[in-house]
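This is what each chain is made of:
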Amino acid sequence: MHHLVIGEGQIGRAIIERALTDGDSVTVLRRSEVAPAPGIDRVAGDVLDPAALQTALLGADAVHATFHAAYDARVWRRDLPPRELAVLEAAAERGIPVVFPESMYAFQGGASNLVEGADRTPLDAKGEVRVALLEQRRLHTARTLSLVASDLVGPTAVGTGAAVASAMVIERIAAGHRPIVAGAPDAPHTLTHIPDLARAMLHAARHAERLAPTGDAVLHAPSAAARSPRELIALASDLLDQPVRRPLRIPLFALRALSGVVTFARELSGIAKLWYEPSVLQPGILTTQEGLEPTPWPEAVRATAERAAAVTSGAVTAQTSSSAPLAS
């Protein structure tokens, strides 16, 4: 199978790696040019450039739309709908499915125990944008599959600043700093391992007609049982041979006080329920019926911690990303 991956960030890189391991072929559409890599065709350009998109789509059997935008609801509302629509239009012309990673933002009101198929309950502007995107996909003639994930961990998350648990907990512990907790230290919080999300997106692309028989499906990515930030700190500290240090906590009132002057604080405050209360993503049909079991939680944390340690020691170079969290 030939996959077009749009965007080469933390999720896109994991999809590419898994697809090649599985024996599939890949084209990558990204805004900037990079050096060639074995087994990967790359096209430089934006999804809003019809010529670049048409070139990238040649021979594709499915599209994985992993592009994103700066962590600001105003930017999301301006940039994401037209970019997704361009991809949907092009995919519909070819009769191929589009697979999207999706966050819990559209379902924040029910995030304490989010079951597959739940009503959309956005509580902030970002959630409203996610609802609009989900509705655009549902109404379009292109076959779409949206895979809901929680906050992300995994080797490709390290150094991007786009995954809260990795950047504020695991990477800080690897660097010998105190972890930062924006939320309740003992509230259970699901973490989705990026390789599991990538595997699930590829599975969705390969079985799109069966999984989205009516043309659209919103499915839960395989994710290990929720654990608390305190448990994450203890395990990451042990794996990285660091003492368990008391985290720096960001009180909700402080976050809200900064919201008027700091964009990131405003946007994080908008999804505060996901961090200051339990946030649990329950298994969906990809796990219960399709057999895609998540990586055990200790193994997912270990893979992230090992990458963070390697980056801290200078053994490898960190990846960087201008976008911030899609999942929470």
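Residues numbered from 1 in each chain as written. Predicted model: local features only at pLDDT ≥ 70, side-chain atom pairs only at ≥ 80, totals over all residues. Heavy atoms only, no water.

## What about the layout of surface pockets?
Then comes step 1: Taken as a whole, the second largest pocket holds about 240 Å³ of empty space.
Then comes step 2: R13, A14, E17, T156 and P195 are the residues nearest the centre of the second largest pocket, which is lined by eleven residues in total.
Then comes step 3: For the lining of the second largest pocket, the secondary structure elements donating two or more residues are α1 (10-21) and α6 (194-206).
Then comes step 4: In terms of residue count, the dominant contributor to the lining of the second largest pocket is α1 (five residues).
Then comes step 5: Classifying every residue of the lining of the second largest pocket gives four nonpolar, three polar and four charged. (1 Å grid on protein atoms, 1.4 Å probe; cavity = no way out; pocket = protein on both sides within 12 Å on 5 of 7 lines; lining within 4 Å. Points joined across faces, edges and corners; volume = space filled by probe spheres on them. Helix = DSSP H or I, 4+ residues; strand = E, 2+ residues; numbered from the N terminus. Nonpolar A, V, L, I, M, F, W, Y, C, P; charged D, E, K, R; others polar.)

## A closer look at the pairing of strand β5 (residues 98-102)
Then comes step 1: β5 sits mainly inside the fold: five of its five residues count as buried.
Then comes step 2: Of the two faces of β5, the one holding V98, F100 and E102 and the one holding V99 and P101 are both buried throughout.
Then comes step 3: Bridge count between strand β4 (residues 62-65) and β5: two bridges; the pairing is parallel. Each residue of the ladder has a partner; that of H64, found in β5, is V99.
Then comes step 4: The handedness of the β4 to β5 crossover, carried by helix α3 (residues 73-94), is right-handed.
Then comes step 5: Both β5 and strand β6 (residues 144-148) contribute to a ladder of five bridges, which runs parallel. Within β6, the position partnered with V98 by the bridge is T144.
Then comes step 6: Handedness of the crossover joining β5 and β6 through helix α4 (residues 125-139): right-handed. (Buried < 20%, exposed > 50% of the residue type's maximum accessible area, 1.4 Å probe, protein only. Pairing = 2+ DSSP bridges. Right-handed = clockwise from strand over helix to strand, strands pointing away.)

## Some details on the packing of α1 against α6
Then comes step 1: In the contact formed by α1 and α6, the axes pass within 8 Å of each other and the chain directions differ by 65°. Crossing hand, α1 versus α6: right-handed. Counting all contacts with α1, which are made through Q10, I11, A14, I15, R18 and A19, the residues of α6 involved are I194, L197, A198, R199, M201 and L202.
Then comes step 2: Its residues assigned to classes, the contact of α1 with α6 comprises nine nonpolar, one polar and two charged. (Axes fitted to C-alpha atoms, helices over the stretch in contact; angles between N-to-C directions. Left-handed = near helix turned anticlockwise from the far one by under 90°. Contact = heavy atoms within 4.5 Å.)

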